[in-house]
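A closer look at the structure
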Amino acid sequence: MEWKLSKIYDTGFCSLCSTCSIVCPNNLIAFDNRPYLKDECLRKGNGMCFEVCPRVSSGKYQIKIREGFKEEYYYGKSDIEGQDGGVVTKFLLYLLENNKIDAAIVVGDENWKPVSLVVKDKEDLLKTSKSKYFISTLEALKEAAERGFEKVAVVGLPCQINGLRKLQYFPYLAKHDFELGRNGKPIKLPKIEYLIGLFCHGKFSYESVIKALEKRGIKIEDVKKFDIKKDLFVYLSDRVEKIPLEELEMCSGCKVCRDFTSELADVSVGSVGSPEGYSTIIIRTKKGEEIKNAIELKEGVDVEKIKKLAEKKIKRFKKEIERRKENNEFVSFYWTSDYGGVGKRADGTYFIRIRAKPAGFYDKECVKVILDIVDKYNLRLKVTDRQGFELHNVSGFDVEDIIEELNKHNIITGSEGPLVRVTLACPGEGNCSSGIIKTEEVAKIIEENFKEYPAPYKFKIAISGCPNKCVRPNIHDIGIVGVRYPKVNDNCNGCGRCYEVCKVEAIDIRGETSYTNYNVCIGCGKCIKECPNDAREVLEEGYLLYIGGKSGREVVEGVKIGIIKDNDTIIKIIDNVLKTYKKYAKKPQRERLSAVMERVGKGKFLDEVMREINI
């Protein structure tokens, strides 16, 4: 049967994480040491199974900026007997006893053969408190839903954690809602509240471990504990046996894995870097911090040991990718989505979008770096309509190297996806004769506060130095326009110069005095500049704001607000708009700000935004 994911499995790229087998709304995917279709798929796998696969794309860049990841290293142990201090078991027990979760999804075993389990009490939890280094599944997630559990924690390997994070952020990454089954409903799964990741050098087939044990006259049922360091250590009641990893059959997908410490978990746990009998604990999110309530944590982890093993895994990955390249074998380039601004072109190559400099001004050193890279990798260079550069025709093999070269020169990639895009700005005052405000300065302040800031959908900001609106600020999510309104003083002699330069015919000359029709005046300030007698001066100046505009399939003009006097107020308003947008958005990657404002009511939305802002 034809299945889109067959290419991932058949080429040895599959991580055997089993994520695909739990998301099919028609229950067509089974997992028995590998995923496969049980019955014909009407869409041939062009759905959730493909979109959550961590070997199709990692989704890491978008996930990390939305989750706000960090790294805090500790070590600790619990009062529960278990692998390296029973830390995972203790944390799960804390979550259960404090009603943070209804159940935990863990890997149990039958004579060490992994079994996916739903546990909800201490007794069952204690039975699973040992590490398994074999291929395991996440099937218990579906069972948890069938049993009515609504909130769960999942313990998994790096590939499984990656797949489940993609599931959590599915609408942002896939750009649509969950796939509907033949019954018109999506798959029912519990909400994954906590992801607890394990350190992993690689996983092995159960059968190859059995074979290695039998070779040494060891029965699997006599094994008390497995541990992987440089080799597989087998703990028996009277001795410890060491099995070289070369004797075991490693999952082929592990050779193309880059993740040693479960980088997308809320909290990661492993033995490397800690004293004997303790676990290293890496806290990555706010939810991960809750482990502090369950375990007494100590500082002093040997982080270099962890980095050394992580680098060893990366070295293995690079070696395998190079081998595939030399032999012209399939490579999925899933890791390109670890980075911002990278996308796949129609011809199978990639583009790399460089986040534009404020107002589109580049120094010659920056441009030289970009041109040198274009020359070195034989690329095409595109200038985007948002004043940035895009590198095109990039080989997937070169994406990471190019980004590293750019980053060495403080050139940032990004501005793509559901986030605050680069701020578009005209040249502004000091560069353009019509400029009223210093657009580059305002753009820098906005970039400092909102660069790559996550949003429900793409979020665009434009700054126009004057009311000419050359960069179309009125059809952006946020538009900023410099304005300067005039008033007439006693120096006016009615010479008529202001009347001649006014483009909107807002000025009349009566006798020896000029008059301004403020119902027509747009605040361009041209009359002030051109008056030969200094008879026109500033009545009011600052910024007009447009909120909720958009272009594209449907053009919407934003709601005009003004006049804003200072940059701090602009930043506060943008921040409030993003928070309110996030609060009311129901369809990530489907609803622009304008649509949300229309649904909620523009007045209600803007009242909430402008609350406590004095203008």
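Heads up: the structure comes first, above all this text.
Residues numbered from 1 in each chain as written. Predicted model: local features only at pLDDT ≥ 70, side-chain atom pairs only at ≥ 80, totals over all residues. Heavy atoms only, no water.

Here's the deal with the overall build of the chain
- For the chain, the count of helices and strands is 19 helices and 23 strands.
- Expressed as lengths along the three principal axes of its C-alpha atoms, the size of the chain is roughly 115 × 55 × 55 Å.
- Sequence-distant contacts in the chain: of pairs separated by 6 or more residues, those separated by 24 or more amount to 69%.
- In the chain, 104 side chains carry a positive charge and 93 a negative one; their mean positions are 2 Å apart. (Helix = DSSP H or I, 4+ residues; strand = E, 2+ residues; numbered from the N terminus. Contact = heavy atoms within 4.5 Å. Lys, Arg positive; Asp, Glu negative; His and termini not counted. Charge placed at Lys NZ, Arg CZ, Asp CG, Glu CD.)

So, the environment of Ile 509
- With respect to the helices and strands, Ile 509 occurs in strand 20 (residues 507-510).
- In sequence terms Ile 509 and Gly 494 are 15 residues apart; their C-alpha atoms lie 6.1 Å from each other.
- Leave out the neighbours within four places in its chain, and Ile 509 touches Gly 494, Gly 496, Cys 498, Tyr 499 and Ser 514.

Regarding the pattern of salt bridges
- Evaluated as defined, the whole model comprises 41 salt bridges.
- It is possible to trace a salt-bridge network through shared partners that takes in Lys 60, Lys 64, Arg 258, Glu 263, Asp 338 and Glu 400. (Salt bridge = Lys/Arg side-chain N within 4 Å of Asp/Glu carboxyl O.)

Observations concerning the packing of aromatic side chains
- According to the stated counting rule, one finds 17 aromatic pairs in the structure shown.
- Aromatic side chains Tyr 334 and Trp 335 sit 5.4 Å apart centroid to centroid with 90° between the ring planes, which places their arrangement in the edge-to-face category.
- Judged by its relative accessible area of 4%, Trp 335 is buried.
- Three or more aromatic residues link up through ring pairs in this structure, and these residues are Phe 13, Phe 317, Phe 330, Phe 333, Tyr 334, Trp 335, Tyr 350 and Phe 397.
- Above the face of the Tyr 235 ring, Lys 225 is positioned so that its terminal group lies 5.0 Å from the ring centre.
- Lying across the ring of Tyr 194, Lys 287 places its NZ or CZ 5.4 Å from the centre. (Phe/Tyr/Trp six-rings, centres within 6.5 Å; stacked < 30°, edge-to-face > 60°. Buried < 20%, exposed > 50% of the residue type's maximum accessible area, 1.4 Å probe, protein only. Lys NZ or Arg CZ within 6 Å of the ring centre and 35° of its normal.)

Describing the sheet that holds strand 18 (residues 461-464)
- Here we have 5 strands laid out as an open sheet, ordered 17-18-19-22-23, and mixed in their pairing. A single partner strand is all that each edge strand has here, and the edge strands are strand 17 (424-425) and strand 23 (559-564).
- Across 5 bridges, strand 22 (residues 536-547) lies against strand 23 in antiparallel orientation. Among the inter-strand pairings, Tyr 543 is bridged to a residue of strand 23, identified as Ile 564. (Pairing = 2+ DSSP bridges.)

Description of the pairing of strand 15 (residues 380-383)
- Here strand 15 runs beside strand 16 (residues 389-394); their pairing, made up of 4 bridges, is antiparallel. Within the sheet, the bridge partner assigned to Arg 380 lies in strand 16 and is His 392.
- Count of turn residues in the strand 15/strand 16 antiparallel hairpin: 5 residues, of which Gln 387 carries a positive phi of about 70°.

Description of the nonpolar core
- Within the largest apolar cluster, 64 residues are counted, with the highest numbers of intra-cluster contacts made by Leu 213, Val 223, Phe 226, Leu 232, Ile 352, Leu 391 and Ile 402.
- No other element matches helix 12 (residues 364-377), which puts 6 residues into this core.
- If we ignore the near neighbours within four places in the chain, the residues touching Ile 402 are Ile 352, Ile 373, Tyr 377, Leu 379, Leu 391 and Val 394. (Core = buried A, V, L, I, M, F, W, Y, C linked by side-chain atoms within 4.5 Å.)

Points about the packing of helix 12 against helix 13 (residues 399-408)
- Between helix 12 and helix 13, the shortest axis-to-axis distance is 11 Å and the interhelical angle comes to 160°. It follows that helix 12 is roughly antiparallel to helix 13 by the angle criterion. Crossing geometry of helix 12 relative to helix 13 is assigned as right-handed. Here Ile 373, Lys 376 and Tyr 377 of helix 12 lie close against helix 13, whose contacting residues are Asp 401, Ile 402, Glu 405 and Leu 406.
- Within the contact of helix 12 with helix 13, the residues separate by chemical class into 4 nonpolar, no polar and 3 charged. (Axes fitted to C-alpha atoms, helices over the stretch in contact; angles between N-to-C directions. Parallel < 35°, antiparallel > 145°, perpendicular 65-115°, else oblique. Left-handed = near helix turned anticlockwise from the far one by under 90°. Nonpolar A, V, L, I, M, F, W, Y, C, P; charged D, E, K, R; others polar.)

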